[in-house]
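What follows is each chain in one-letter form.
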Amino acid sequence: MNDKGYPTLETAEKIWREGFDYRCATTEFKVRDEYVFHTTGVAETAQKIAAHTPDMNPEKAYILGLLHDYGKKYDERASGRFHARAGFEELNAMGYPAAAKICLTHSFPSRDFCDEDYASYPADWLEWAHRELAKVTYDDYDRLIQLCDMFFEGMQMVDFETRFSGIVRRYNLKLEDVENLRKNAERNLAYFEAKIGVGIYQLLNIKTL
Ligand SMILES: [Fe+2]
C-alpha cells in the first residue's frame, strides 16, 4: 500500500503476473497472447501519450494501463464475474483505489451510459456500474486508458475503424450499435490531441485505413 492510490512499478508487475498466472492455472486461457499484448500495449501507449501531456505522470499511466484488465484473472463467462467489478474490488482491497477506479471506468467511456449499449451484459453488472460510476469523477487517467484500450485488436495496434469492425464482428452487432462507443473514443482522441498538439495516430505510429 502507498499514499498515491496505485502500486509501485515493481509491485504492479507482480500483481499483473499474479492475475495472469491465476487465469492460466484456473481456465483454458485461449487468448493469453492477446491479453499480454493488450495489457502491456495499453500500458506503453498510455505512458507515451502521458509523456507528451502536460501535468501527467508517464509511470502512473503505465501502471494504470497494465492493471486495467486485472479482473480478467477470472473468466467472465465461466465465473459470471464482471471483470471491471472483480478488478475494482480486488485492487481496492489491496489498498490501491486509483488503480481500482480504472478497472471500473475503462469499461464505461460515458458515466451515464445507456444499458442498450451493453446489451450482452447481465442487468446486475450494469446496476453495479451505474451505482459505482455515480460516485466517481473522470480525470485524465480515466480518459487516457479508455482511449488506449481502443487501439488494440487481437495481436495488432489498430485505428478506430479496425477496432470497431472487430467488435461488431465478434459480438455479432451492426456498426450503428457501437455509435456511442465510437463518439466517446473520438471525443477522447480529440481531447488529448488538443492537449499535446500532435496527431495521436502519428505519435503512436498507427496506420489508418
Ligand atoms: Fe477491460
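Residues numbered from 1 in each chain as written. Predicted model: local features only at pLDDT ≥ 70, side-chain atom pairs only at ≥ 80, totals over all residues. Heavy atoms only, no water.

Quick word on the nonpolar core
Ile49, Leu91, Phe108, Leu144, Phe151 and Phe160 are the most contacted members of the largest nonpolar core, which has 62 residues in total. Beyond its immediate sequence surroundings of up to four residues, Phe108 is in contact with Phe82, Phe113, Tyr118, Leu126, Ala129, Leu133, Tyr138 and Gln146. (Core = buried A, V, L, I, M, F, W, Y, C linked by side-chain atoms within 4.5 Å. Buried < 20%, exposed > 50% of the residue type's maximum accessible area, 1.4 Å probe, protein only. Contact = heavy atoms within 4.5 Å.)

Some remarks on the coordination of the iron ion
At this site the iron ion is bound by Asp69 (OD), His83 (NE2) and His106 (NE2), with donor distances of 2.0 to 2.3 Å. Donor residues for the iron ion sit on one chain with the sequence pattern D-x13-H-x22-H. Here the residue His83 occupies a position in helix H5 (residues 83-93), and His106 occupies one in the loop between helix H6 (97-105) and helix H7 (123-133), the gap between them amounting to 23 residues. As far as burial versus exposure is concerned, His83 and His106 are alike and both buried. (Donors = N, O, S within 2.8 Å, 3.2 Å for Na, K, Ca; no water. Helix = DSSP H or I, 4+ residues; strand = E, 2+ residues; numbered from the N terminus.)

Section: unusual backbone geometry
Unlike most non-glycine residues, Asn172 shows phi in positive territory, near 60 degrees. Among the secondary structure elements, Asn172 is positioned in the loop between helix H9 (160-170) and helix H10 (179-196). One non-glycine residue, Asn205, lies in positive phi territory at about 60 degrees. Note on placement: Asn205 falls in the segment after helix H11 (200-204).

Some remarks on the environment of Tyr171
By secondary structure assignment, the location of Tyr171 is in the loop between H9 and H10. As a C-alpha pair, Tyr171 and Ser120 span 51 residues in sequence and 8.5 Å in three-dimensional space.

A few points about the pattern of salt bridges
Any two side chains of opposite charge can pair if their charged atoms end up close together. What the rule picks out here adds up to 17 salt bridges. In this structure, Lys73 and Glu18 form a salt bridge, with 2.9 Å as the shortest nitrogen-oxygen distance. Highlighted residues: Lys73 in the loop between helix H3 (58-67) and helix H4 (76-79) and Glu18 in helix H1 (residues 9-26), separated in sequence by 55 residues. Across the pair Asp139 and Lys101 runs a salt bridge, and its minimum N-O distance is 3.7 Å. One end of the pair, Asp139, is in the loop between H7 and helix H8 (140-149); the other, Lys101, is in helix H6, with 38 residues separating them in the sequence. (Salt bridge = Lys/Arg side-chain N within 4 Å of Asp/Glu carboxyl O.)

A closer look at helix H2 (residues 32-52)
Look at H2: 31 Å from first C-alpha to last across 21 residues, which is about the 30 Å you get at 1.5 Å a residue. If you check which residues of H2 are buried, you get Tyr35, His38, Thr39, Gly41, Val42, Ala43, Thr45, Ala46, Ile49 and Ala50. (Expected span 1.5 Å × (residues − 1).)

Section: the packing of aromatic side chains
For the coordinates displayed, the defined rule picks out 22 aromatic pairs. On the basis of an interplanar angle of 5 degrees and a centroid distance of 5.6 Å, the ring pair of Trp16 and Phe20 is categorised as stacked. Placement of the pair is Trp16 and Phe20 together in helix H1, with a separation of four residues, close to one helical turn. Taken individually, Trp16 and Phe20 each receive the classification buried, so the pair is uniform in this respect. Note on Trp16 and Tyr35: the rings are 6.3 Å apart at their centroids and 15 degrees apart in plane angle, and the pair reads as stacked. Linking Trp16 in helix H1 with Tyr35 in helix H2, this pair joins segments that are 19 residues apart in sequence. We note that Trp16, like Tyr35, is buried. Aromatic ring contacts, followed pair by pair, group Phe82, Phe88, Phe108, Phe113, Tyr118, Tyr121, Trp125 and Trp128 into a single cluster. Lying over the aromatic face of Tyr74, Arg81 brings its terminal NZ or CZ to 4.0 Å of the ring centre. (Phe/Tyr/Trp six-rings, centres within 6.5 Å; stacked < 30°, edge-to-face > 60°. Lys NZ or Arg CZ within 6 Å of the ring centre and 35° of its normal.)

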